[in-house]
Amino acid sequence: MEDLFVSARFTIPSSQLTMSAARSSGPGGQNVNKVNSKVTLRWTPSTCEKMDPAWKRRFLSRYANRINREGELVLHSEKYRDQGRNLADARKKLIDMLLDCQEAPKKRKATRPSRSSQRRRLDQKNRQSQKKQSRKSNWSGD
């Protein structure tokens, strides 16, 4: 297996990736019983020293539910009928996950609603209230 190129600054060496194959439960007819087309890709993010610490922290917190007790991220792919395409799919999933949390999320700027939007909201509430008041009839019991 070759190295996994994530970005210009970061590449995961092939020595840190482990691939195994198993029989897939997906489509394939009789072929599915003979061919190991399902791919499982394993990677231990905590052992990767080349990864930026902030990026690694974001990745580990975001995908903590996908990391097992041994600290391995386990990805499965059985989308296709052949092992090569499933391996490429699993590698693409890992790249997408890494790139998804590469940048820190933008801080939210606290804003206030404009005076006109407040006025519109209150006017709408008044109209709704008037509509409901007009539906009431005088049930004083006289």
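These notes cover the structure that comes with them. (Residues numbered from 1 in each chain as written. Predicted model: local features only at pLDDT ≥ 70, side-chain atom pairs only at ≥ 80, totals over all residues. Heavy atoms only, no water.)

Overview of the packing of aromatic side chains
Here is step 1: In this structure the tally under the stated criterion is 3 aromatic pairs.
Here is step 2: Members of the aromatic cluster, connected to one another through ring pairs, are Trp43, Phe59 and Tyr63. (Phe/Tyr/Trp six-rings, centres within 6.5 Å; stacked < 30°, edge-to-face > 60°.)

Overview of the nonpolar core
Here is step 1: Among the nonpolar cores identified, the biggest contains 23 residues, and Phe10, Ile12, Trp43, Phe59, Leu94 and Leu98 are the most heavily contacted of them.
Here is step 2: Of all elements in the fold, only strand E4 (38–43), helix H1 (53–62), strand E5 (73–77) and helix H2 (83–100) reach the threshold of two or more residues within this core.
Here is step 3: Of all the elements, H2 adds the most residues to this core, at 6 residues.
Here is step 4: Beyond its immediate chain neighbours, meaning those up to four positions away, Phe59 contacts Trp43, Pro45, Met51, Leu73, Met97, Leu98 and Cys101. (Core = buried A, V, L, I, M, F, W, Y, C linked by side-chain atoms within 4.5 Å. Buried < 20%, exposed > 50% of the residue type's maximum accessible area, 1.4 Å probe, protein only. Helix = DSSP H or I, 4+ residues; strand = E, 2+ residues; numbered from the N terminus. Contact = heavy atoms within 4.5 Å.)

Description of H1
Here is step 1: Along H1, the positions that sit buried rather than exposed are Trp55, Lys56 and Phe59. Considered in projection along H1, the buried side chains sweep an arc of 100° and stay on one side of the axis. When the buried face of H1 is taken as reference, the exposed residues oriented beyond 90 degrees from it are Pro53, Arg57 and Ser61.
Here is step 2: In the core, the buried residues of H1 are packed alongside E4, E5 and H2. (Arc of directions from axis to C-beta.)

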